[in-house]
Amino acid sequence: AQTVTQSQPEMSVQEAETVTLSCTYDTSESDYYLFWYKQPPSRQMILVIRQEAYKQQNATENRFSVNFQKAAKSFSLKISDSQLGDAAMYFCASAGNQFYFGTGTSLTVIP
Amino acid sequence: DVKVTQSSRYLVKRTGEKVFLECVQDMDHENMFWYRQDPGLGLRLIYFSYDVKMKEKGDIPEGYSVSREKKERFSLILESASTNQTSMYLCASSLGQGFNYTFGSGTRLTVV
């Protein structure tokens, strides 16, 4: 089985600043994918960013980027120019045949 | 816009009742999943299905069963609801391995 660890239950960031959410994973699969999902108070899980493990280049989506360190099995999410709408629970996930989710990081954005 | 629809946003049921949670997707996805979400525990997989009439146990299947009679519909059944099944239940679907999950908006179930 795979495990995904998010060691920061809560984080906060000032509006317009940058924040990094940590995630480590453990997998025995050679072919896998990594994801970050956002869950706002509406409860709808929304895909933030996706990374194929075989790609060395870090994925980016507008203000969201990842730092993927395959050897260290680390997959952190960087949010630049934080906005109030970024406040949510963020889940890291590792996917081979199945998805495995971390326990989440609650992000607060301070105006 | 693709969708996964869960029939109820909130449910309150009594201990011992049989409970059905319905999930429908309109994307022709093969794979469908049921998770429960609890604070501090993240999302835990209950059951999943890769095809019609096919089901596989996830990490926490005890006390649950599922039904997938049609490709678009995946039902989660609590045979005899108990208070420890009070939780948020999330349904998801995907096109296949490595593809993004599309989630429903969740059903918050309270068993009293």
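Preceding this paragraph is the structure being described.
Parameters and conventions
Residues numbered from 1 in each chain as written. Chains lettered and ligands numbered in written order. Predicted model: local features only at pLDDT ≥ 70, side-chain atom pairs only at ≥ 80, totals over all residues. Heavy atoms only, no water. Contact = heavy atoms within 4.5 Å. Buried area = accessible area lost by both parts, 1.4 Å probe. Salt bridge = Lys/Arg side-chain N within 4 Å of Asp/Glu carboxyl O. Polar contact = N/O pair within 3.5 Å; in protein donor to acceptor, adjacent residues only side chain to side chain. Phe/Tyr/Trp six-rings, centres within 6.5 Å; stacked < 30°, edge-to-face > 60°. Buried < 20%, exposed > 50% of the residue type's maximum accessible area, 1.4 Å probe, protein only. Core = buried A, V, L, I, M, F, W, Y, C linked by side-chain atoms within 4.5 Å. Helix = DSSP H or I, 4+ residues; strand = E, 2+ residues; numbered from the N terminus. Disulfide = S-S within 2.5 Å.

## Digging into the interface of chain B and chain A
Contacts between chain B and chain A engage 25 residues on the former and 21 residues on the latter. Across the interface of chain B and chain A, roughly 1800 Å² is buried in total on both sides, 48% from carbon and sulfur atoms. Contact with chain A buries area across many residues of chain B, yet Q97(B), G98(B) and F103(B) alone supply 28% of it, more than any other trio. Where chain B touches chain A, the interface holds zero salt bridges. For the pair chain B and chain A, the number of links is eight residue pairs in polar contact (both at pLDDT 80 or more).

## Some remarks on the packing of aromatic side chains
Residue and element names in this part refer to chain A. A complete count under the given rule lists 19 aromatic pairs over all chains for this structure. Aromatic pair F35 and Y37: ring centres 6.0 Å apart, planes at 25 degrees, arrangement stacked. F35 sits in the buried class, given a relative accessible area of 0%. Since its relative accessible area comes to 0%, Y37 is described here as buried.

## A closer look at the nonpolar core
Counting residues in hydrophobic clusters, the biggest one holds 25 residues, and the most contacted among them are W36(A), F75(A), L77(A) and Y90(A). Of all the secondary-structure elements, those providing two or more residues to this core are β3 (19-21), β5 (33-39), β6 (46-52), β8 (64-69), β9 (74-79), β10 (88-95) and β12 (105-110) of chain A. L11(B), L21(B), W34(B) and L78(B) belong to the second largest nonpolar core, which has 21 residues in total.

## A short note on the environment of K13(B)
Residues and elements named next belong to chain B. In this fold, K13 is placed in strand β2 (residues 10-13). Taking C-alpha positions, K13 is 24 Å from F48, a pair spaced 35 residues apart along the chain. When near neighbours in sequence (up to four residues on either side) are disregarded, K13 contacts V19, L109, T110, V111 and V112.

## So, unusual backbone geometry
Residue and element names in this part refer to chain B. Despite not being glycine, D28 has its phi angle at roughly 60 degrees, a positive value. Turning to its location among the elements, D28 is positioned in the loop between β4 (23-25) and β5 (31-38). According to the relative accessible area criterion, D28 is exposed, its value standing at 54%. With a phi angle near 65 degrees, K53 is a residue other than glycine that sits in the positive phi range. Mapped onto the fold, K53 is located in the loop between β6 (42-49) and β7 (56-57).

## Some remarks on the state of the cysteines
All names here are of chain A. This structure, assessed with the given rule, holds two disulfides over all chains. Here C23 engages in a disulfide with C92; their sulfurs sit 2.0 Å apart. Negative torsions about the S-S bond denote left-handed disulfides, and the value of about -70 degrees found for C23 with C92 makes this one left-handed. Pair noted here: C23 is in the loop between β3 and β4 (24-26) and C92 is in strand β10, with a separation of 69 residues, a long-range link. Classification of C23 by relative accessible area gives buried; the value is 2%.

## Side note on the pattern of salt bridges
Residue and element names in this part refer to chain B. Enumeration over the complete set of coordinates arrives at 11 salt bridges over all chains. Between K71 and D28 there is a salt bridge; the shortest N-O distance is 2.9 Å. Linking K71 in the loop between β8 (64-70) and β9 (73-78) with D28 in the loop between β4 and β5, this pair joins segments that are 43 residues apart in sequence. By relative accessible area, which is 21% here, K71 ends up partly exposed. With a closest N to O distance of 2.8 Å, D38 and R36 form a salt bridge. What makes R36 buried here is its relative accessible area of 9%.

Just geometry here; none of it tells us what the structure is for.
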